[in-house]
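One letter stands for each residue in the lines below.
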Amino acid sequence: MDNSQVQELTEEESALLENGLIYCGVDEAGAGPLCGDVVAAAVILNPDDPIPELTDSKKLTEKKRERLFDEIREKAVDFCVASASVEEIDRLNILNARMLAMTRAVEGLRLPCDHALIDGNKLPKLNIPATALIKGDARVAAISAASVLAKVQRDRDMVAMEERFPGYGFAKHKGYGTKMHLEALEALGPCEIHRRSYSPVKRLLTKG
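The structure presented is a predicted model; accordingly, all values stated were derived computationally and were not measured.

Thresholds applied
- All residue numbers here refer to positions counted from 1 along the written sequence of the relevant chain.
- For a predicted model such as this one, the threshold for reporting local features is a pLDDT of at least 70, and the threshold for listing and counting side-chain atom pairs is 80 or more; totals across whole chains, interfaces and linings nevertheless cover every residue.
- To get the side-chain values, all heavy atoms of the structure are used, and hydrogens and water are removed first.
- Only the stretch in contact is used when a helix axis is fitted, and all axes are lines through C-alpha atoms; the angle between N-to-C directions ranges over 0 to 180 degrees.
- Secondary structure is summarised from DSSP: a helix means a run of H or I of at least four residues, a strand means a run of E of at least two, and numbering begins at the N terminus for each.
- By definition in this entry, angles of less than 35 degrees are roughly parallel, angles greater than 145 are roughly antiparallel, angles of 65 to 115 are roughly perpendicular, and the rest are oblique.
- Helix crossings get a hand from a simple test, with the near helix turned counterclockwise from the far one by less than a right angle marking a left-handed crossing and a clockwise turn marking a right-handed one.
- We call two residues contacting when some pair of their heavy atoms lies within 4.5 Å.
- Ten residue types, Ala, Val, Leu, Ile, Met, Phe, Trp, Tyr, Cys and Pro, are classed as nonpolar, four, Asp, Glu, Lys and Arg, as charged, and the remainder, Gly among them, as polar.
- Stacked, edge-to-face and tilted are the three classes for Phe, Tyr and Trp ring pairs, Trp counted by its six-membered ring, which pair at centre distances within 6.5 Å; planes under 30 degrees apart are stacked, over 60 edge-to-face, the rest tilted.
- Each residue is placed in one exposure class: buried if its accessible area under a 1.4 Å probe, protein chains only, is under 20% of its type's maximum, exposed if it is over 50%, and partly exposed if it falls in between.
- A ring has a charge above it when a Lys NZ or an Arg CZ is no more than 6 Å from the ring centre and no more than 35 degrees off the ring normal.
- Definition of nonpolar core: a set of buried residues of the types Ala, Val, Leu, Ile, Met, Phe, Trp, Tyr and Cys, connected through side-chain atoms within 4.5 Å.
- Whenever Lys or Arg places a side-chain nitrogen within 4 Å of a carboxyl oxygen from Asp or Glu, that contact is recorded as a salt bridge.
- A pocket here means an open set of points on a 1 Å grid, computed over the protein atoms alone, that has protein on both sides within 12 Å along at least five of seven lines. A cavity is instead a set of points where a 1.4 Å probe fits but cannot get out; residues with an atom within 4 Å of a point line either one.
- Grid points are joined across faces, edges and corners, and a volume is the space filled by probe spheres set on the points.

1. Some points on the packing of helix α8 (residues 179–188) against helix α9 (residues 199–206)
And then number 1: At a closest axis distance of 11 Å, the pairing of α8 and α9 adopts a crossing angle of 20°. As judged from the angle between their axes, α8 and α9 are roughly parallel. The handedness of the crossing between α8 and α9 is right-handed. Along the contact surface, α8 presents Leu-182, Leu-185 and Glu-186, while α9 presents Pro-200, Val-201, Arg-203 and Leu-204.
And then number 2: Residues that form the contact of α8 with α9 fall into these classes: five nonpolar, no polar and two charged.

So this is what it looks like as structure tokens:
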């Protein structure tokens, strides 16, 4: 593998490592879709065993994400994938549900962790110090790894939902509001995994 592709450490990472602190990267997937859980991951990488090609999962092909998913799980010192349910998204709103999923991912780590580096500009409630990093999924390898785990797991969840709720095309659009999905939603009506608080779904529920 070409180790020149490995992300350079950010100032935040360097400072943590210099102080002998163990940190995890945290990201989530699935805020935008009209259905399904929002999924988050927390990952502690081994600094001595880097994973080339890690970057924001949205910039990777599905095939590459799948390959990296296995490599991350094999090489990571520790990782946890967690979620917040459709019911929690509708009750708490998507921002709070995203934060809840990330909290669960960090709390689900088996090994002690001193600090969390979070993608974005908001911090979930954690029992350890944390830093929010805008575009962190493209800058910090551990956040990139979390981005890949969360994205691949959520996509797999949506493929499984295709079998439970045929006709909506979940395996193709993964729950996003594509033309295909909106037409199926109009024809079939919402199913139990649709987010009632999202406007295209809410509009159908309140129509008539």
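On we go from here.
2. Considerations on the packing of aromatic side chains
And then number 1: For the structure on display, the rule yields one aromatic pair.
And then number 2: Pairing Tyr-168 with Phe-170 gives two aromatic rings, centres 5.2 Å apart and planes at 5°, and the pair type is stacked. For the pair Tyr-168 and Phe-170, a shared accessibility class is recorded, and that class is buried.
And then number 3: It is Arg-156 that lies over the ring of Phe-69; its NZ or CZ is 4.3 Å from the centre.

3. Details of unusual backbone geometry
And then number 1: At Lys-135, a residue that is not glycine, the phi angle is positive and equals roughly 55°.
And then number 2: Considering the arrangement of structural elements, one finds Lys-135 in the loop between β5 (130–133) and α5 (136–139).
And then number 3: Exposure remark for Lys-135: the relative accessible area of 62% places this residue in the exposed category.
And then number 4: At Lys-174, a residue that is not glycine, the phi angle is positive and equals roughly 60°.

4. Points about the nonpolar core
And then number 1: In terms of nonpolar packing, the biggest core is built from 35 residues, with Cys-24, Val-26, Phe-170 and Ile-193 touching the most fellow members.
And then number 2: No other element matches helix α4 (residues 94–107), which puts six residues into this core.
And then number 3: Ignoring any residue separated from it by four or fewer positions in sequence, one finds Ile-193 in contact with Leu-34, Cys-35, Gly-36, Val-86, Met-158, Met-161, Phe-165 and Phe-170.
And then number 4: Tyr-23, Phe-79, Ile-143 and Leu-149 belong to the second largest nonpolar core, which has 27 residues in total.

5. What to know about the pattern of salt bridges
And then number 1: As enumerated under the stated definition, the model contains 17 salt bridges in all.
And then number 2: Through salt bridges that share partners, Asp-49, Glu-71 and Lys-75 make up one connected network.

6. Here we look at the layout of surface pockets
And then number 1: Of the volumes computed, that of the largest pocket is approximately 420 Å³.
And then number 2: Taken together, 22 residues form the lining of the largest pocket, with Leu-9, Tyr-23, Leu-45, Asn-46 and Pro-47 sitting closest to its centre.
And then number 3: Within the residue set of the lining of the largest pocket, elements represented by two or more residues are α1 (11–18) and α6 (141–164).
And then number 4: When its residues are assigned to classes, the lining of the largest pocket shows 17 nonpolar, two polar and three charged.
And then number 5: Empty space within the second largest pocket amounts to approximately 310 Å³.
And then number 6: Forming the walls of the second largest pocket are 20 residues, and the residues nearest its centre are Asp-27, Glu-28, Ala-29, Lys-58 and Asp-119.
And then number 7: Mapped by element, the contributors of at least two residues to the lining of the second largest pocket are β1 (23–29), α4 and α6.
And then number 8: Here the element with the most residues in the lining of the second largest pocket is α4; it accounts for four residues.

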